[in-house]
Amino acid sequence: MDDYRSLIGEFQDHGYTPCRLQDVRADQPDLYLRHDVDLSLELAVEMAAVEAELGVFSTYFVLVSTDIYNPATIQNRRILSSIIERGHEIGLHFDVTRVEDGDIDSAAERECAILSSLTGHPVETISFHRPARNLLNSTGRFAGRRHTYEPEFFSNIAYISDSNGGWHHGHPLDHPAIAARTAVQLLTHPIWWGGWGTRETVPLIREFVKGYNRRSDDAIAGTITAYAQWRATEEKAGAK
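Conventions we followed
Residues numbered from 1 in each chain as written. Predicted model: local features only at pLDDT ≥ 70, side-chain atom pairs only at ≥ 80, totals over all residues. Heavy atoms only, no water. Patch = residues over 30% accessible without salt bridge, like charges linked within 9 Å, V, L, I, M, F, W, Y side chains within 5 Å. Areas by Shrake-Rupley, 256 points an atom, 1.4 Å probe, with all protein chains shown as cover. Salt bridge = Lys/Arg side-chain N within 4 Å of Asp/Glu carboxyl O. Lys, Arg positive; Asp, Glu negative; His and termini not counted. Charge placed at Lys NZ, Arg CZ, Asp CG, Glu CD. Buried < 20%, exposed > 50% of the residue type's maximum accessible area, 1.4 Å probe, protein only. Helix = DSSP H or I, 4+ residues; strand = E, 2+ residues; numbered from the N terminus. Expected span 1.5 Å × (residues − 1). Contact = heavy atoms within 4.5 Å. Phe/Tyr/Trp six-rings, centres within 6.5 Å; stacked < 30°, edge-to-face > 60°.

Peer 1: Quick question: what am I supposed to make of a negative patch on the surface here?
Peer 2: A cluster of like negative charges, contributed by E100, D101, D103 and D105, occupies part of the molecular surface. Note on E100: relative accessible area 83%, which makes it exposed.

This is the structure in structure tokens:
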């Protein structure tokens, strides 16, 4: 997170000002900060706290139809509230591959409604999870909402992403848009900024999985008494 703090500070030093998606001006040093929360809401709220310290605004796109986290748990609802309280926006991270009936617009509307009911705030923007090519540069709205892959925000301005854990097209500040002081959409994923003592993609994910498994184990022990008792016996025996 210290690296992320430094990165945003450098954008500020170059005269960039964060703004909402709909307010991006292509010929101005506008910075649209976007985070796709693929794996960890806990890391997302850490990032939100860093941004609040720096006085910047961003949008956190949250999955509703995912097997990895549940935005409806008490803990995760508190996290979403904390992100909003720090001045940020919650958007829908929409996985089109989860739509079974082919009605993408209706599915997006349902998921926006679910997310809005969890946060108590309207969901006004959408980003696509691992989007198919036909969604890139799509000019149409989905469920009546703007999305991050419209040409206005994707191909007509600088689009920079840390997908798969790296700057695969060069460091953001080396992009020609910075020298030209024109608009940038900066996509980061909180998982890549979580640390665990490594910057390598696979070792970092393996550390995340270990923690994920521990939390799942604790949740099951909190539900199944017989398993909790067995685990306690095993832990006691292992301590001898």
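Peer 1: Is there a simple way to think about helix 2 (residues 41–54) in this case?
Peer 2: Because each turn of an α-helix spans 3.6 residues, side chains separated by three or four positions end up pointing in the same direction. Between its first and last C-alpha, helix 2 extends 20 Å over 14 residues, near the 20 Å set by a 1.5 Å rise per residue. Among all positions in helix 2, only L41, L43, A44, V45, M47, A48, A49, V50 and E51 are buried. On its buried face, helix 2 sits against helix 1 (2–13), strand 2 (30–37), strand 3 (59–63), helix 3 (74–85) and strand 8 (184–188). Of the residues trailing helix 2, G55 is marked for its positive phi of about 75°.

Peer 1: Explain the environment of H121 to me, please; I cannot follow it from the model alone.
Peer 2: Within the secondary structure, H121 sits in the loop between helix 4 (104–119) and strand 5 (125–128). Once the C-alpha coordinates of H121 and I90 are considered, the two residues, 31 residues apart in sequence, prove to be 8.2 Å apart. Discounting chain neighbours no more than four positions away, the residues touching H121 are I84 and S116.

Peer 1: It is not clear to me how the packing of aromatic side chains should be interpreted in this structure. Could you clarify?
Peer 2: For any pair of aromatic rings, the description rests on two quantities: the centre-to-centre distance and the angle between the ring planes. With the rule as written, the count across this model stands at eleven aromatic pairs. Relative to Y159, the ring of F154 lies with its centre 4.7 Å away and its plane at 70°, an arrangement referred to as edge-to-face. One aromatic cluster is present, formed by F94, F128, F142, Y149, F154 and Y159 through successive ring pairs.

Peer 1: I'm lost on helix 1 in this one. Help?
Peer 2: Counted at 1.5 Å a residue, the expected span for helix 1 with its twelve residues is 16 Å, and the 16 Å between its end C-alpha atoms agrees. Regarding helix 1, the residues found buried are Y4, L7, I8, G9 and F11. Turning to helix 1, the residues buried within the fold contact strand 2, helix 2, helix 6 (176–180) and strand 8. After helix 1 finishes, the residue G15 shows a positive phi value of roughly 90°.

Peer 1: Just to check I follow, could you spell out the pattern of salt bridges for this structure?
Peer 2: Once their charged atoms are close, side chains differing in charge can pair, the charge on each being opposite to the other. Enumeration over the complete set of coordinates arrives at 14 salt bridges. Among the salt bridges present, the one from R146 reaches E150, with a minimum N-O distance of 2.8 Å. Each of the two residues, R146 as well as E150, counts as buried. For R146, the salt bridge goes to E152, with nearest N and O atoms at 2.9 Å. The exposure class of R146 is buried, given its relative accessible area of 15%. In this structure, a network of salt bridges that share partners links the residues D217, D218, R231 and E235.

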